[in-house]
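Fold and geometry: a report
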Amino acid sequence: MRLHQWIWLALGATPFCAALSAAGERVLVVVPTVNAASEYSDFLDSLAQRGFDLSVRGAGNTSVALHNDDGTREYDHAVLLAPAARRLGTLSPRGIVNFVNDGGNLIVAASSDISENLRSLATQFGVDFAKRKSRIVDHVHGNAGHTLVPSSHYANASAVLSDRFLAAPNAPPVYFEGIGHRYKESPLLIPLLTAPRSAYSSPPEDSVLSGTSLGLVSVFQTRTNARVAFSGSTSLFSNRLLRKKGAANRQFVTELSQWVLQEKAVLRASPLRHALASGDRPDHYRVSSDVVFEIDLTELRDGSWQPYRAHDVQLEAIMLDPYIRTTLNQSSAFSVLGTYRGDVRLPDRYGTFTFRVNYKRPGLSNVDVQDIVGIRPLRHDEYPRFLSAAYPYYASSFVMILAFLALSAVWLWSAEPKAASSAPSASASKPLKSKKSKKM
């Protein structure tokens, strides 16, 4: 693209095609000077061809702003390619952080001449660049100057990078020339590209940065799904490295920018639907009721919304603590709407419950869908006539009754024993003759 075309884009020209981003198509590109934009023409051309409305501004332009006077965002995305500039128009680290907090996406490219404002901005996201004038050196794999370093140490982030980088046994390297950084251990931060084992940051600091602990490109996703990328090299986006033969720079930068600008790995969820197994939808559920839950999950992939396939989508029923946590399964309508379904029996506990699908995976946008519903106890006429837990007590009562009847029957109908006679018998009344009188 010629210089006058970049000037035309700088005046706010809008491409005719529609962007495929879920966050919008307005992009602010800040370069050292407008003329310097020609060094990144391949990268900016790819953004324009993908339907983004580019506004190229020089770092010294005082009209550069990310928010309007009423506080709304003027741009959906920002690309900062002027690491040495002390001021980026009216932009400050705090203003850029507010832009990200408002849902804006950001690509930041640094170099050995990194400014303190850019360094301060990076620390807000867990990225700590090396000292100014530092650069990455590799005497084993580097070029003649040892500063153009090839690296194939990609993070296992399938949502960000394709199988060309992750599944290929001999993945092509990305050539990097610039400054490295430390990265904090955080579930929100992914060190997407790290240095090879033989690379280190020169001149060495108090704590030597070397090997895979030396970050080259890191990505960050906020809890509100805004995305940020930090690269220690502006050359990574330059025509010189994008056109280098035998390098994967063009494909890497394309996939990186697609992820940051939310052209892929974006999940969209419908409101959580629930009803009784009979199909009724009462205002309040009763304890131990059988309820059917459904939610639709789709993913922005290849320019269209497609059903999101996963086997770890879970539903929780929470009242302070989760009482139920169950996995939702793909329903019969999954191939069209991406519907997940679960048949759940509510807990035997009444109160105000939160039904929640909280799905967070590295590289994918966060899904957090909630619905607050009351669960009431049984009314007096809804209790079962006989409780299964009381069967032993019922049995003991009937056994007691039967035992009492049996005892009564034995007592009433059994014959009394005959009483002995009190008159003396005849033999007993006769006197006994003594043997002595008989002899006489």
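Check the entry above for the structure.
Residues numbered from 1 in each chain as written. Predicted model: local features only at pLDDT ≥ 70, side-chain atom pairs only at ≥ 80, totals over all residues. Heavy atoms only, no water.

What follows deals with the packing of aromatic side chains. Under the defined criterion, the tally for this structure stands at 11 aromatic pairs. Ring centres of Phe 334 and Tyr 340 lie 5.4 Å apart, and the angle between their planes is 80°; on these two criteria the pair is classed as edge-to-face. Each member of the pair Phe 334 and Tyr 340 is classed as buried. On the numbers, 6.0 Å between centres and 50° between planes, the contact of Tyr 391 with Tyr 394 is tilted. Here Tyr 391 and its partner Tyr 394 are both found in helix α9 (residues 391-413), three residues apart, which amounts to about one turn of the helix. The class for Tyr 391 is partly exposed, based on a relative accessible area of 47%. Relative accessible area serves as the criterion here: at 27%, Tyr 394 is assigned to the partly exposed category. (Phe/Tyr/Trp six-rings, centres within 6.5 Å; stacked < 30°, edge-to-face > 60°. Buried < 20%, exposed > 50% of the residue type's maximum accessible area, 1.4 Å probe, protein only. Helix = DSSP H or I, 4+ residues; strand = E, 2+ residues; numbered from the N terminus.)

This model, assessed by the stated rule, comprises one cavity of 30 Å³ or more. What the largest cavity holds in volume is close to 80 Å³. Together, Ala 85, Arg 86, Arg 87, Leu 88, Leu 91, Ser 92, Pro 93, Ile 96, Ser 115, Asn 117, Leu 118 and Leu 121 line the largest cavity. Elements with a minimum of two residues in the lining of the largest cavity: α3 (93-101) and α4 (116-123). The leading source of residues in the lining of the largest cavity is α4, at three residues. (1 Å grid on protein atoms, 1.4 Å probe; cavity = no way out; pocket = protein on both sides within 12 Å on 5 of 7 lines; lining within 4 Å. Points joined across faces, edges and corners; volume = space filled by probe spheres on them.)

All right, on to α4 then. For α4, every residue scored as buried is listed here: Leu 118, Arg 119, Leu 121 and Ala 122. Across the axial projection of α4, the buried residues extend over an arc of 160°, all falling on one side. Of the surrounding secondary structure, the elements contacted by the buried residues of α4 are β3 (77-80), α3, β4 (105-109), β5 (127-129) and β14 (227-231). (Arc of directions from axis to C-beta. Contact = heavy atoms within 4.5 Å.)

Our next topic: the layout of surface pockets. As a volume, the largest pocket reaches approximately 480 Å³. Considering the residues around the largest pocket, the lining is formed by 22 residues, among which Ala 159, Lys 264, Ala 265, Glu 299 and Arg 301 are closest to the centre. Looking at which element gives the most residues to the lining of the largest pocket, the answer is strand β18 (residues 290-301), with three residues. Here the residues of the lining of the largest pocket are counted per class, giving 10 nonpolar, five polar and seven charged. Size it by volume and the second largest pocket reaches roughly 190 Å³. The dominant element in the lining of the second largest pocket, judged by the number of residues it contributes, is strand β13 (residues 215-221), at three residues. The residue inventory of the lining of the second largest pocket, partitioned by class, reads eight nonpolar, three polar and three charged. (Nonpolar A, V, L, I, M, F, W, Y, C, P; charged D, E, K, R; others polar.)

Strand order across the open sheet formed by five strands is β17-β25-β24-β20-β21, with mixed pairing between neighbours. If you trace the sheet from one side to the other, it starts and ends with β17 (285-286) and β21 (321-327), each paired once. (Pairing = 2+ DSSP bridges.)

Okay, a nonpolar patch on the surface next. Together, Phe 398, Ile 401, Leu 402, Phe 404 and Leu 405 line one region of the surface with nonpolar side chains, adding up to about 570 Å² of accessible area. Inspection of the secondary structure puts Leu 405 in helix α9. (Patch = residues over 30% accessible without salt bridge, like charges linked within 9 Å, V, L, I, M, F, W, Y side chains within 5 Å. Areas by Shrake-Rupley, 256 points an atom, 1.4 Å probe, with all protein chains shown as cover. Salt bridge = Lys/Arg side-chain N within 4 Å of Asp/Glu carboxyl O.)

Attention now goes to the environment of Leu 300. As for its position among the elements, Leu 300 is in strand β18. Residue classification places Leu 300 among the buried residues on the basis of a relative accessible area of 4%. A sequence separation of 280 residues divides Leu 300 from Leu 20, and the C-alpha atoms of the two residues are 8.9 Å apart. Other than its neighbours up to four places away in sequence, Leu 300 contacts Leu 20, Ala 22, Gln 262, Glu 263, Lys 264, Ala 265, Val 266 and Trp 305.

A separate point is the nonpolar core. For soluble globular proteins, the rule of thumb is that nonpolar side chains tend to be buried together. Formed by 112 residues in total, the largest nonpolar core has its most connected members in Phe 237, Phe 252 and Phe 355. Sequence-distant contacts of Phe 237, defined by excluding residues within four places in its chain, comprise Tyr 40, Phe 43, Leu 81, Ile 107, Ala 109, Ser 231, Leu 242, Val 253 and Leu 256. (Core = buried A, V, L, I, M, F, W, Y, C linked by side-chain atoms within 4.5 Å.)

It is worth spelling out α9 at this point. Look at α9: 33 Å from first C-alpha to last across 23 residues, which is about the 33 Å you get at 1.5 Å a residue. With zero of 23 residues buried, α9 lies mostly on the surface of the structure. (Expected span 1.5 Å × (residues − 1).)

In this fold, Thr 327 is placed in strand β21. Distance in space between the C-alpha atoms of Thr 327 and Leu 315 is 6.3 Å, their sequence separation being 12 residues. Those residues in contact with Thr 327, other than ones at most four positions away along the chain, are His 311, Val 313 and Gln 314.

Examined against the element boundaries, Ser 151 turns out to sit in strand β7 (residues 149-151). Residue classification places Ser 151 among the buried positions, given a relative accessible area of 1%. Within the structure, Ser 151 has its side chain in polar contact with the backbone nitrogen of His 153 (distance 3.4 Å). Polar contacts involving the side chain of Ser 151 include one to the main-chain carbonyl oxygen of Thr 194, which spans 2.5 Å. Setting aside residues up to four positions removed in sequence, Ser 151 forms contacts with Pro 173, Val 174, Leu 193, Thr 194, Ala 195, Pro 196 and Leu 216. (Polar contact = N/O pair within 3.5 Å; in protein donor to acceptor, adjacent residues only side chain to side chain.)

Another aspect to go through is the pairing of β14. Within β14, five of the five residues are buried, which leaves it mostly tucked inside the rest of the structure. Across the two faces of β14 the burial is the same, with Arg 227, Ala 229 and Ser 231 and Val 228 and Phe 230 all buried. Here β4 pairs with β14 via four bridges, running parallel. Following the sheet pairing, Val 108 is matched in β14 by Phe 230. By the bridge criterion, five bridges tie β13 to β14 in an arrangement that is antiparallel. Counted as the bridge partner of Phe 220 is Val 228 from β14. Counting the residues between successive antiparallel strands, the hairpin from β13 to β14 contains five residues, one of them, Asn 225, with a positive phi of roughly 75°.

By themselves, these are just geometric observations and shouldn't be taken as functional.
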